[in-house]
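Structural characterization, general
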Amino acid sequence: MPRPLHRGVSGIRVSGNSNDFWDAEVKDNTEKEDLDRNHSSSQSFLSLRSPFRFFFQDNSPSKYGVTENGFTADPFGGGTPRSWHRLTMLFLKLSLVVIVILALTGSFWWTISISTSSRGHIFRGYRRLQEQLVSDLWDIGELSLGPSRLKEIEFCSEEFENYIPCFNVSENVALGYSDGNEYDRLCGQGSRKSCLVLPPVNYKIPLRWPTGKEVIWVANVKITGQEVFSSGSLTKRMMMLEEDQISFRSASLMFDGVEDYSHQIAEMIGLRNESNLIQAGVRTILDIGCGYGSFGAHLFSKQLLTMCIANYESSGSQVQLTLERGLPAMIGSFNSKQLPYPSLSFDMLHCARCGVDWDKKDGIFLIEADRVLKPGGYFVWTSPLTNVHTFLRDKEKQKRWNFVRDFAENLCWELISQQDETVVWKKTNKKSCYSSRKPGSFPPICSKGQDVESPYYRPLQNCIGGTNSRQWVPIEERATWPFRSNLNKNELELYGLHSEELVVDTANYKTAVRNYWSLLSPLIFSDHPKRPGDEDPSPPYNMFRNVLDMNARYGGFNAALLEAGKSVWVMNVVPTTGPNYLPLVLDRGYIAVFHNWCEAFPTYPRTYDMVHADGLLSLETSQYRRCTMLDLLTEIDRLLRPEGWVIIHDKAPLIESARALTVQLKWDARVVEIESNSDERLLICQKPFFKRQATS
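Residues numbered from 1 in each chain as written. Predicted model: local features only at pLDDT ≥ 70, side-chain atom pairs only at ≥ 80, totals over all residues. Heavy atoms only, no water.

Concerning a nonpolar patch on the surface
Among the surface-exposed residues, Met 89, Phe 91 and Leu 92 lie close enough to one another that they form a single nonpolar patch of about 270 Å² accessible area. Mapped onto the fold, Met 89 is located in helix H3 (residues 81-115). (Patch = residues over 30% accessible without salt bridge, like charges linked within 9 Å, V, L, I, M, F, W, Y side chains within 5 Å. Areas by Shrake-Rupley, 256 points an atom, 1.4 Å probe, with all protein chains shown as cover. Salt bridge = Lys/Arg side-chain N within 4 Å of Asp/Glu carboxyl O. Helix = DSSP H or I, 4+ residues; strand = E, 2+ residues; numbered from the N terminus.)

Shown next, in the form of structure tokens:
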């Protein structure tokens, strides 16, 4: 094995030919010992003169002079490899001394500069460096931990394409639930699946609004063409199947046409047409058992916002179809629990053959309908049971009708009109009506302990709720839409708010919406995947319709979107863990609901085009929770459509934690700094379109 070269060789200067070098190696031992002694003396002398010897050239004659073999002694190199190694180490030590001196000098001048500069500027610079360090450490941590820490979540099997946690009919039946209660929402431990829900094989991105209101893809919903044609004559008149599409004809013959039907309701109230419902104080409508949303789709053009609720259906859902059309909907049931809306929420309740037996269970369903209806609001019921010519020949139907009519009177509802199969009641706007009833009238008024303003799936109550609420304001006395959105000072005081707070909130979200739209483009992702089978994604023009705001606060995000001219509707969610401004959001004329984000949201997968969460991570992590941040993000993935967007605004450390988890969710994600706030960040994500492979 060849020996390594000594470093000392490189420092030797050759004088004469190479044979002289080998001749010197064979000198006698006496000459070599003399040379070593001389060298030792030179080392002592050199050590006394350091470190200055490195800065000043020693021009004095060498102590060694010229050797007999023709070599000139190098003042910095020994005659042997060992001596050369010693000098090299000494050189390194002295270099270190120089570096320390320079560092101390620089530190001295830096300290002086601090005293004459802005502390705030230095602090901000330090914070920025610190945050960048944290971000870099996250990146390093992700790379170093590898698959063991950041293992991607697996995709769910095909049977979970339309999976909704908390709704398991077979499990509820096994637990003894019946009489319709088996379709109720039942959230418990283990109700979530730790996998990502994939779309069906032939899933396609929904058509842009408003085209998507009239035409949807068959493969996107859990219903087949055969089911469409076998589901009754009404459905066949309302929908027309065209190959892989379902077309909702706006001029369909539903109740002699949706337009004629809504016009009839307006006339029964005493209005010229449905366009005048706004002037009568109607803005938000709860459509119970909405079919496929055609009633709400028509009224949307009249600036009326209709919220569809219907029972969970395991084989094709009216809720899923309504959402696919870009209209508000969620799973909701009157079977045994109160709806997650506060008392006095909606201006009108509508039930057109909705499947609710209002006369059952001693009228408890009517009591819940009364609770969520605003004072002066309308209850519209269309059913064969209300047809006078029908129930006069059927004693059982007449008995049922008489019960509903008398019970509605005990609720202080006024029967204002009845035509064909449609009946319209108006809820009283005076609390004195309840005290003027006959003694012992049923149902009684709820006590303050029973009258929960914003219940969350609480068992149905056998008493009239909402009478203790400070929001008892008749719809006729409220500002009409769109002026209702800007509540006045007196109205805000009902919620414990100052007008300045709402003004600041509105201004902040106006700015935020402008900034969001500049960021919501696939172009910011250099590695953005193309849509399968298509060209590059189109610009973000009219790209959203269904929007979920997971922490709505005062509804400011909803207000800013509408003011910016976006054709969207927003599901405003007020978390059960935060301040309850749910009545405020509803009174502004928006759709809103109460929800616990440690549970699954009651809707089908692929519901929303965009999910917005401002401060939700801080809210959920500020207390002990039974769920994790990954649980929350996995639920967002279930709710989000392929190519849908997620915007999370929160504290920088929480944003970085969420960004790390997006790797497991397979999202494209970027963190964006906020110029006005160095402590907060935006996390902008897009869910890729992963197509399920067809099985042979």
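So, helix H9 (residues 258-269)
If you check H9, its first and last C-alpha atoms are 17 Å apart, about what 12 residues at 1.5 Å a residue would give, namely 16 Å. All buried positions along H9 are accounted for by Val 258, Tyr 261, Ser 262, Gln 264, Ile 265, Ala 266, Met 268 and Ile 269. Those residues of H9 that are buried are in contact with helix H10 (294-300), strand E7 (346-352), strand E8 (373-382), strand E9 (413-419) and strand E10 (422-427). Remark: Gly 270 follows H9 within two positions and exhibits a positive phi of approximately 105 degrees. (Expected span 1.5 Å × (residues − 1). Buried < 20%, exposed > 50% of the residue type's maximum accessible area, 1.4 Å probe, protein only. Contact = heavy atoms within 4.5 Å.)

Some details on the side chain of Asn 387
Tracing the chain through its elements places Asn 387 in the loop between E8 and helix H13 (388-391). The class of Asn 387 is buried, set by a relative accessible area of 15%. Not counting the four nearest positions on each side in its chain, Asn 387 is found in contact with Asp 420 and Glu 421.

Concerning the pattern of salt bridges
Counted by the stated rule, this structure contains 23 salt bridges. Arg 400 is paired through a salt bridge with Asp 357; the nearest N and O atoms lie 3.3 Å apart. Pair noted here: Arg 400 is in helix H14 (residues 395-410) and Asp 357 is in the loop between E7 and helix H12 (364-372), with a separation of 43 residues, a long-range link. Under the relative-accessibility criterion, Arg 400 is labelled partly exposed at 22%. In this structure, the salt-bridge partner of Arg 553 is Asp 614, at a minimum N-O distance of 3.4 Å. With a gap of 61 residues between them, Arg 553 in the loop between strand E11 (546-549) and helix H18 (556-563) and Asp 614 in strand E14 (residues 608-614) connect regions that are remote in the sequence. The class for Arg 553 is partly exposed, based on a relative accessible area of 31%. Assessed through its relative accessible area of 10%, Asp 614 is described here as buried.

Digging into the state of the cysteines
Per the counting criterion, the structure on display carries 7 disulfides. Disulfide pairing is shown between Cys 351 and Cys 354; the S-S distance is 1.9 Å. One quick way to see it: the torsion about the S-S bond of Cys 351 and Cys 354 is about -75 degrees, and its sign makes the bridge left-handed. What makes Cys 354 buried here is its relative accessible area of 14%. (Disulfide = S-S within 2.5 Å.)

Re helix H21 (residues 629-639)
The buried fraction of H21 amounts to 9 of the 11 residues, a majority that puts the element mostly inside the structure. All of the buried residues along H21 are Met 629, Leu 632, Leu 633, Thr 634, Glu 635, Ile 636, Asp 637, Arg 638 and Leu 639.

Digging into the confidence of the model for the protein chain
Looking at the protein chain as a whole, its pLDDT mean stands at 79, while 73% of the residues score no less than 70. Here residues 114-148 is a poorly scored stretch, pLDDT under 50, and it has 16 contacts once near neighbours within four places are set aside; other chains count. Counting interchain partners and residues more than four positions distant, the pLDDT-below-50 stretch residues 233-237 has 9 contacts. (pLDDT = per-residue confidence, 0-100.)

Regarding the packing of aromatic side chains
The final tally for this structure, using the stated rule, is 26 aromatic pairs. Ring centres of Tyr 261 and Phe 295 lie 5.7 Å apart, and the angle between their planes is 65 degrees; on these two criteria the pair is classed as edge-to-face. Here Phe 295 lies in helix H10 and Tyr 261 lies in helix H9, a separation of 34 residues in the sequence. Taken as a pair, Tyr 261 and Phe 295 share a single burial class, namely buried. (Phe/Tyr/Trp six-rings, centres within 6.5 Å; stacked < 30°, edge-to-face > 60°.)

Re the nonpolar core
Among the nonpolar cores identified, the biggest contains 87 residues, and Leu 286, Tyr 341, Trp 358, Phe 379 and Met 571 are the most heavily contacted of them. With 6 residues, the single largest contributor to this core is H12. Looking at which domains feed residues into this core, each of domain 1 (280-436) and domain 2 (483-526 + 538-687) supplies at least three. Once residues within four sequence positions are removed from consideration, Leu 286 is found in contact with Met 307, Ile 309, Leu 339, Tyr 341, Phe 346, Met 348, Leu 349, His 350 and Val 372. Judged by nonpolar contacts, the second largest core, of 29 residues, contains Leu 299, Ala 352, Val 574 and Ala 592. (Core = buried A, V, L, I, M, F, W, Y, C linked by side-chain atoms within 4.5 Å. Domains from an automatic or database assignment.)

Some points on the sheet that holds E7
Spatial ordering of the open sheet is given by E6-E5-E4-E7-E8-E10-E9, a layout of 7 strands whose pairing is mixed. Because the sheet does not close on itself, it has two edges, and the strands there are strand E6 (329-331) and E9. Put simply, the sheet's adjacent strands are angled 20 degrees from each other on average, direction ignored. As defined by bridge partners, E9 adjoins E10 across 6 bridges and the pair is classed as antiparallel. Bridge assignment links Trp 413 to a residue of E10, and that residue is Lys 427. Running over the sheet, H14 touches E8, E9 and E10 and is turned about 20 degrees from E10. (Pairing = 2+ DSSP bridges. Axes fitted to C-alpha atoms, helices over the stretch in contact; angles between N-to-C directions.)

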